[in-house]
Amino acid sequence: MKHSYGFTLIELIIVVILLGIISFTALPRFTGNSGVEETTVQDQMISVLRRMQNQAMQQTSAAFCHQLLLTQTQLGAPNINPCDAMPANTQLTTAANPDSGLQFRLNANSGIVLRVFNHTNPASGTVQTLPFSFRFNSLGQAVDNSRTRFQNGLQIQIAGAVTYSVCIESEGYIHPC
């Protein structure tokens, strides 16, 4: 009886075809950067929101203000009179250290668009006009300038090549959604 070692031509062709299919579908996911900037923005935004929320829960004195301002390109503490509800209050404070975790800015050439909804489900909420300011109360809940809690929470959409969202539930839970 003759022993044959190796693979047949059919087996080799099947393996080459399978490798081609796998490389065609999986390789772009590893080499492409679609969604990378949006994911980074989402993570940074969650970090800024949670940091301000933690400060609001720790510093409960009326002397402290834990207001955040969301514009088309930034999220952070407002520049002028932080707890003032004046519409002129549309810039981030320059005194805050960008590495402090209390502010976030998009790159100048970023193609990302920020939107905020007054509901964690955008289909049920309405788009809010930017700049949009809100704050956290001592329970860590998002409230408006009159200190009224957002009953249906907030959703911040990060739209670019793909769309990601950050939700702030009415109870104060901040998470990607």
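Structure first, text after, so check above.
Residues numbered from 1 in each chain as written. Predicted model: local features only at pLDDT ≥ 70, side-chain atom pairs only at ≥ 80, totals over all residues. Heavy atoms only, no water.

J.: I would appreciate a short explanation of the overall build of the protein chain in the present structure.
T.: Each helix and strand in the protein chain was counted, giving two helices and nine strands. Ordered by position from the N terminus, the helices and strands of the protein chain form the series α-α-β-β-β-β-β-β-β-β-β. Across the 177 residues of the protein chain, 37% fall into the buried class. For the protein chain, the accessible area works out to roughly 10800 Å², and carbon and sulfur atoms hold 57% of it. (Helix = DSSP H or I, 4+ residues; strand = E, 2+ residues; numbered from the N terminus. Buried < 20%, exposed > 50% of the residue type's maximum accessible area, 1.4 Å probe, protein only. Areas by Shrake-Rupley, 256 points an atom, 1.4 Å probe, with all protein chains shown as cover.)

J.: Whenever I open this one, the side chain of Arg-135 confuses me. Can you help?
T.: Among the secondary structure elements, Arg-135 is positioned in strand β5 (residues 132-136). Asp-144 provides the closest opposite charge to the buried, unpaired Arg-135, separated from it by 7.1 Å. Within polar-contact distance, the side chain of Arg-135 engages the side chain of Asn-145 at 3.2 Å. (Lys, Arg positive; Asp, Glu negative; His and termini not counted. Salt bridge = Lys/Arg side-chain N within 4 Å of Asp/Glu carboxyl O. Polar contact = N/O pair within 3.5 Å; in protein donor to acceptor, adjacent residues only side chain to side chain.)

J.: Looking at this structure, I do not really get the state of the cysteines. What am I missing?
T.: Linking two cysteines covalently via their sulfur atoms produces the bond known as a disulfide. Going through the model one piece at a time under the given rule, you end up with one disulfide. The disulfide partner of Cys-167 is Cys-177, and the gap between their sulfur atoms is 2.0 Å. Judged by the sign of its S-S torsion, about 85°, the bond between Cys-167 and Cys-177 is right-handed. One end of the pair, Cys-167, is in strand β8 (residues 163-168); the other, Cys-177, is in the segment after β9 (174-176), and 10 residues separate them in sequence. (Disulfide = S-S within 2.5 Å.)

J.: In this structure, what is going on with the packing of aromatic side chains? I would like to understand it.
T.: The geometry of two aromatic rings is summed up by the distance between their centres and the angle between their planes. Counted under the stated rule, the structure contains three aromatic pairs. Ring centres of Phe-132 and Phe-134 lie 5.9 Å apart, and the angle between their planes is 35°; on these two criteria the pair is classed as tilted. By relative accessible area, which is 9% here, Phe-132 ends up buried. Ring geometry for Phe-132 versus Phe-150: centroids 6.1 Å apart, planes at 45°, classification tilted. A residue pair is termed long-range when its members are at least 10 positions apart, and Phe-132 in strand β5 and Phe-150 in the loop between β6 (142-143) and β7 (154-159) qualify at 18 residues. Through successive ring pairs, a cluster of aromatic residues spans Phe-132, Phe-134, Phe-136 and Phe-150. (Phe/Tyr/Trp six-rings, centres within 6.5 Å; stacked < 30°, edge-to-face > 60°.)

J.: Would you mind going over the environment of Ser-146 with me for this structure?
T.: As for its placement among the helices and strands, Ser-146 is situated in the loop between β6 and β7. Residues Ser-146 and Arg-135 lie 11 residues apart in sequence; the distance between their C-alpha atoms is 9.8 Å. At 2.8 Å, the side chain of Ser-146 forms a polar contact with the side chain of Asp-144.

J.: Help me out: how do you make sense of the nonpolar core in this one?
T.: Side chains of a nonpolar character, in soluble globular proteins, are inclined to be buried together. Counting 29 residues, the largest nonpolar core has Met-45, Leu-49, Phe-134 and Phe-136 as the members making the most contacts within it. Those elements that place two or more of their residues in this core are α2 (36-58), β1 (67-70), β4 (113-117), β5, β7 and β8. Looking at this core, the element that brings in the most residues is α2, giving seven residues. Discounting residues that sit within four places of it in the chain, Phe-134 has contacts with Leu-49, His-66, Gln-67, Leu-68, Ala-142, Val-143, Phe-150, Leu-154 and Ile-168. (Core = buried A, V, L, I, M, F, W, Y, C linked by side-chain atoms within 4.5 Å. Contact = heavy atoms within 4.5 Å.)

J.: Explain the pairing of β1 here, please?
T.: The two faces of the sheet receive side chains in turn, since in a regular strand these alternate between them. Burial along β1 is two-sided: the residues Gln-67 and Leu-69 and Leu-68 and Leu-70 are all buried. Bridging between β1 and β5 involves four bridges; their strand directions are antiparallel. Within the sheet, the bridge partner assigned to Leu-68 lies in β5 and is Phe-134. Relative to strand β2 (residues 74-76), β1 runs antiparallel, the two being bridged by two bridges. Paired with Leu-69 across the two strands is Gly-76, which belongs to β2. Where β1 folds back onto β2 in an antiparallel hairpin, the turn is made up of three residues. (Pairing = 2+ DSSP bridges.)

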